[in-house]
Amino acid sequence: VFWPVGFNTYLAFNNYDIASGTTQWNDFQNFSTMWAEENFRNGVKNSLLFLLVVPPIQLTALVLAKLVNNQLPGIKAFRAIYYVPVVTAASIAGVVWVYVFKTQGMLNEMLSVILHFFQLYPAEQMVSINWLQEPSVAMYSIMIFTFWKGIGYFMVMYLAGLQGIPSDVEEAAILDGANA
């Protein structure tokens, strides 16, 4: 673990010629060159934007875990429905979501119906948003997919934690005045 991190840190401050194995110290030149690249700055911006999906996944998964921790009729089916995306291969789920996000896909169809219902869009036209190729919405489309794919995994983790709490601890918390 330490050797690759250390050696790559050393290389980050050098010009390295892989053919001869020689290095030449260049201070922060590699970093300034990297920061000057527009693709790098866009990557950093998109990574920070993508972080916005993590807290909602965690919070929603915790709420769902609390809901499915109860013994209600049909709760096992409910758990399975939320866990199916986790066990579905990413490639298969990706293909399905491509059909959802297509210009003539299910998401545009549903959006058209809703907008037609509220008379916010002409009834003879269908909404035509290219969710995966339009730069202004593509990242949000991927965030929706990630939310859908990840929520079941975290729900099961939280559920396992909730079910691992001994009943006497829960009873003591209730007696001490703890709420939901």
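Right, let's walk through the structure included here. Every value quoted in this text rests on a predicted model; they were computed, and no experiment measured them.

1. With respect to the nonpolar core
- Counting 9 residues, the largest nonpolar core consists of Ala 61, Leu 64, Ala 65, Val 68, Ile 75, Ile 151, Met 155, Leu 159 and Leu 162.
- The set of elements that each furnish at least two residues to this core consists of α4 (54–68) and α8 (135–163).
- If sequence neighbours within four positions are ignored, Ala 61 has contacts with Ile 151, Phe 154, Met 155 and Tyr 158.
- Core analysis: the second largest hydrophobic core is formed by 7 residues, Ala 93, Trp 97, Trp 131 and Val 137 among them.

2. Quick look at the packing of helix α6 (residues 90–101) against α8
- Here α6 crosses α8 at 135°, and the two axes come no closer than 11 Å. By the angle between their axes, α6 is oblique relative to α8. As α6 runs across α8, the sense of the crossing is right-handed. Packed against α6, whose contacting residues are Ala 90, Ala 93, Gly 94, Trp 97 and Phe 101, the element α8 presents Ser 141, Ile 144, Phe 145, Trp 148 and Lys 149 at the interface.
- Among the residues forming the contact of α6 with α8, the class breakdown is 7 nonpolar, 2 polar and 1 charged.

3. A word on the side chain of Ser 141
- Along the polypeptide, Ser 141 turns up in helix α8.
- The residues touching Ser 141, leaving out its near neighbours within four places in the chain, are Phe 101, Trp 131 and Leu 132.

4. So, the pairing of strand β2 (residues 22–25)
- Where strand β1 (residues 14–17) and β2 come together, 4 bridges link them in antiparallel fashion. By the bridge assignment, Asn 15 is partnered in β2 with Gln 24.
- Hairpin connection of β1 to β2: 4 residues between the antiparallel strands, including Gly 21 at a positive phi of 80°.

5. Concerning α4
- Taking 1.5 Å of rise per residue, 15 residues should cover 21 Å, and α4 covers 21 Å from first to last C-alpha, within 8% of that figure.
- For α4, every residue scored as buried is listed here: Ile 57, Ala 61, Leu 64, Ala 65 and Val 68. Down the axis of α4, the buried side of the element spans an arc of 105°, and every buried residue falls inside it. Residues Pro 55 and Leu 59 are exposed on α4 and point more than 90 degrees away from its buried face.
- At its buried positions, α4 is contacted by α5 (75–87) and α8.

6. Quick notes on a nonpolar patch on the surface
- A cluster of nonpolar side chains, contributed by Ile 114, Phe 117, Phe 118 and Leu 120, occupies part of the molecular surface with about 500 Å² of accessible area.
- Inspection of the secondary structure assignment puts Leu 120 in the loop between α7 (106–117) and α8.

7. Concerning unusual backbone geometry
- Here Asp 27, not a glycine, exhibits a phi torsion of approximately 55°, which is positive.
- In this structure, Asp 27 sits in the loop between β2 and α2 (29–36).
- Judged by its relative accessible area of 44%, Asp 27 is partly exposed.
- In the Ramachandran plot, Gln 119 falls in the positive-phi region, its phi being about 55° despite a non-glycine side chain.
- Of note, Gln 119 is situated in the loop between α7 and α8.

What counts as what
Residues numbered from 1 in each chain as written. Predicted model: local features only at pLDDT ≥ 70, side-chain atom pairs only at ≥ 80, totals over all residues. Heavy atoms only, no water. Core = buried A, V, L, I, M, F, W, Y, C linked by side-chain atoms within 4.5 Å. Buried < 20%, exposed > 50% of the residue type's maximum accessible area, 1.4 Å probe, protein only. Helix = DSSP H or I, 4+ residues; strand = E, 2+ residues; numbered from the N terminus. Contact = heavy atoms within 4.5 Å. Axes fitted to C-alpha atoms, helices over the stretch in contact; angles between N-to-C directions. Parallel < 35°, antiparallel > 145°, perpendicular 65-115°, else oblique. Left-handed = near helix turned anticlockwise from the far one by under 90°. Nonpolar A, V, L, I, M, F, W, Y, C, P; charged D, E, K, R; others polar. Pairing = 2+ DSSP bridges. Expected span 1.5 Å × (residues − 1). Arc of directions from axis to C-beta. Patch = residues over 30% accessible without salt bridge, like charges linked within 9 Å, V, L, I, M, F, W, Y side chains within 5 Å. Areas by Shrake-Rupley, 256 points an atom, 1.4 Å probe, with all protein chains shown as cover. Salt bridge = Lys/Arg side-chain N within 4 Å of Asp/Glu carboxyl O.

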